[in-house]
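If you want the building blocks of each chain, they are given just below.
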Amino acid sequence: MTLRICVGGATGWVGKSLVSAIARADDLELAGAIARRHAGEDAGSAAGGATLGVVIRATVDEALAGGADVFIDYTKPDAVKGNALAAIAKGVAVVVGTSGLTADDYAELDRAARAKRVGVIAAGNFSLTAALLQHCALLAARHLPQWEIVDYAHADKVDAPSGTARELAERMAQVKRPAIGRPLDQVHGTREARGATIEGVQVHSLRLPGFVIACEAIFGLPDERLAIRHDAGTSAAPYIAGTLLAARRVKGVVGLVRGLDTLLFGDAA
């Protein structure tokens, strides 16, 4: 059975590679595409490949008018929740690859998906190595009392922290909240230097030229520490296989599944 896919952000960094990968897959069909600035163009040629006969639309409602089984979102932080809710309202399963959503946003998507009896699979990062970062960090959090997260990205990245870092903090906090050496209200100097607190976890975001995307969970014990880090390169290729794995499995899900590692390894939390 062929799975019909609609891609949000079809002319973006990941979206272009997704469109091409879907076109090459025997079991997938590109059923729709969204990109406001390229509305009216052919999705295949806009992605740098051959024409596919799929016209890019400006909105989710337009792109899903012809029907689809799965909507994949790689748009922007200010658009992703509205896009996902619009797809869910139509009874379409959703894969969320866009970062910037909060725990409350994910809870809202979960409620909407359960009401419609459809699935949502969301991940701050769909690469296999990032999934291993999540999995190993969750296991370490079961045994170690203190940790913080450092999030690295290029200078013009809009969201802080990254989706990978936020997801990691929120999911590690489900294992337990880390201990903290000096309570934050006792810090002298500039309190913000200790980072942002996300679900009890301190997260530090660096935004500098020279970085693409990286995320590091650092655990500390007296006289020793453990660092688990993921670094991404400049290509979107690492995210494609994980995203399409989620698309192929999301029809068997009801409600929200968060993290590619959950699909691959179960819930380590």
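Described in the following lines is the structure provided in the data block.

Cut-off values and rules
- Note on numbering: residues in each chain are counted from 1, in written sequence order.
- Totals for whole chains, interfaces and linings use all residues, but because this is a predicted model, local features are given only for residues with pLDDT of at least 70 and pairs of side-chain atoms are given and counted only at 80 or more.
- Remark: hydrogens and water are excluded; side-chain values derive from all non-hydrogen atoms of the structure.
- Numbering of helices and strands runs from the N terminus; a helix is a DSSP stretch of H or I covering at least four residues, while a strand is a stretch of E covering at least two.
- We compute the radius of gyration over the C-alpha atoms and compare it with the globule rule, which gives 2.2 Å times the number of residues raised to the power 0.38.
- Burial classification: accessible surface area is computed with a 1.4 Å probe over protein chains only, and a residue below 20% of its type maximum counts as buried, one above 50% as exposed, and the rest as partly exposed.
- Between two residues, a contact is recorded if the distance between any of their heavy atoms is within 4.5 Å.
- Residue burial considers only the protein chains on display, and all accessible areas are found by Shrake-Rupley using a 1.4 Å probe.
- Charge assignment: positive for Lys and Arg, negative for Asp and Glu; neither His nor the chain ends contribute.
- Every charge is mapped to an atom, namely NZ of Lys, CZ of Arg, CG of Asp or CD of Glu.
- Should DSSP find at least two bridges between two strands, the strands are regarded as paired.
- Lines fitted to C-alpha atoms define the axes, with helix axes restricted to the stretch in contact, and inter-axis angles between N-to-C directions lie between 0 and 180 degrees.
- Our angle categories are set so that under 35 degrees counts as roughly parallel, over 145 as roughly antiparallel, 65 to 115 as roughly perpendicular, and the remainder as oblique.
- Residues are grouped as follows: Ala, Val, Leu, Ile, Met, Phe, Trp, Tyr, Cys and Pro are nonpolar; Asp, Glu, Lys and Arg are charged; every other residue, Gly included, is polar.
- Taken from the helix axis, the directions to the C-beta atoms give the arc we talk about.
- Within this scheme, the nonpolar core is defined by two criteria: the residues are buried Ala, Val, Leu, Ile, Met, Phe, Trp, Tyr or Cys, and they are joined through side-chain atoms within 4.5 Å.

**Some remarks on the overall build of the chain**
Here is step 1 of the chain: The helix and strand tally for the chain stands at nine helices and twelve strands.
Here is step 2 of the chain: Whereas a compact globule of 269 residues would reach a radius of gyration of roughly 18 Å, the chain reaches 19 Å, a difference of no more than 12%.
Here is step 3 of the chain: Considering only C-alpha atoms, the chain reaches an extent of 60 × 40 × 30 Å along its principal axes.
Here is step 4 of the chain: For the chain, buried positions account for 51% of its 269 residues.
Here is step 5 of the chain: At a minimum sequence separation of 6, the contacts of the chain that also span at least 24 residues come to 72%.
Here is step 6 of the chain: Roughly 12,300 Å² of accessible area belongs to the chain as shown, and the carbon and sulfur atoms make up 51% of that amount.
Here is step 7 of the chain: Charge separation in the chain, taken as the distance between the mean sites of 29 positive and 29 negative side-chain charges, equals 2 Å.

**Focus: the pairing of strand 11 (residues 224-232)**
Here is step 1 of the chain: As judged from the nine bridges shared by strand 10 (residues 213-221) and strand 11, these two strands associate in the antiparallel manner. Residue pairing for strand 11: I218 is matched across the bridge by A227.
Here is step 2 of the chain: Here strand 10 folds back onto strand 11 in antiparallel fashion, the turn holding two residues, of which D223 has a positive phi close to 70 degrees.

**What about the packing of helix 4 (residues 80-89) against helix 5 (residues 103-116)?**
Here is step 1 of the chain: Helix 5 packs onto helix 4 with a crossing angle of 10 degrees between their chain directions and a minimal axis gap of 9 Å. Judged by the inter-axis angle, helix 4 sits roughly parallel to helix 5. Residue-level contacts link K81, A84, L85, I88 and A89 of helix 4 to D105, E108, L109, A112, A113 and K116 of helix 5.
Here is step 2 of the chain: Looking at the contact of helix 4 with helix 5, its residues break down into seven nonpolar, no polar and four charged.

**Description of helix 4**
Here is step 1 of the chain: Those residues of helix 4 that sit buried are V80, N83, A84, A87 and I88. The buried residues of helix 4 occupy an angular sector of 130 degrees when the element is viewed end-on, so they sit on one face.
Here is step 2 of the chain: Packing partners of the buried residues in helix 4 comprise helix 3 (60-63), strand 4 (70-73), strand 5 (93-96), helix 5 and strand 6 (119-122).
Here is step 3 of the chain: Note on helix 4: the residue one or two positions beyond its end, G91, has a positive phi of about 80 degrees.

**A closer look at unusual backbone geometry**
Here is step 1 of the chain: Residue P161 follows A160 across a cis peptide bond; omega there is 0 degrees.
Here is step 2 of the chain: Position of P161 relative to the elements: it lies in the loop between strand 7 (147-153) and helix 7 (163-175).
Here is step 3 of the chain: Although it is not a glycine, R117 sits at a positive phi angle of roughly 60 degrees.
Here is step 4 of the chain: Looking at the element boundaries, R117 is found in the loop between helix 5 and strand 6.
Here is step 5 of the chain: Positive phi is not limited to glycine here, since D223 has a value of about 70 degrees.
Here is step 6 of the chain: Mapped onto the elements of the fold, D223 is located in the loop between strand 10 and strand 11.

**Side note on the nonpolar core**
Soluble, globular proteins show a tendency: their nonpolar side chains are buried together.
Here is step 1 of the chain: Ranked by internal contacts, the top residues of the largest apolar core, which has 41 residues, are I5, V70 and I72.
Here is step 2 of the chain: With sequence-adjacent residues up to four places away left out, I5 is seen in contact with I22, L28, E29, L30, A31, G32, V70, I72 and A247.

**Here we look at the sheet that holds strand 8 (residues 196-198)**
Strand-to-strand pairing in sheets goes through backbone hydrogen bonds, with the strands running parallel or antiparallel.
Here is step 1 of the chain: Pairing within the open sheet is mixed, and its five strands lie in the order 8-9-7-10-11. Each edge of the open sheet is held by one strand with a lone partner, namely strand 8 and strand 11. If you compare each strand with its neighbour and ignore which way they point, the axes differ by 25 degrees on average.
Here is step 2 of the chain: Where strand 7 and strand 10 come together, seven bridges link them in antiparallel fashion. When the bridges of strand 10 are listed, V150 appears paired with E216.
Here is step 3 of the chain: Sheet strands in contact with helix 6 (residues 128-141) are strand 7, strand 10 and strand 11, and its direction is about 160 degrees off that of strand 11.

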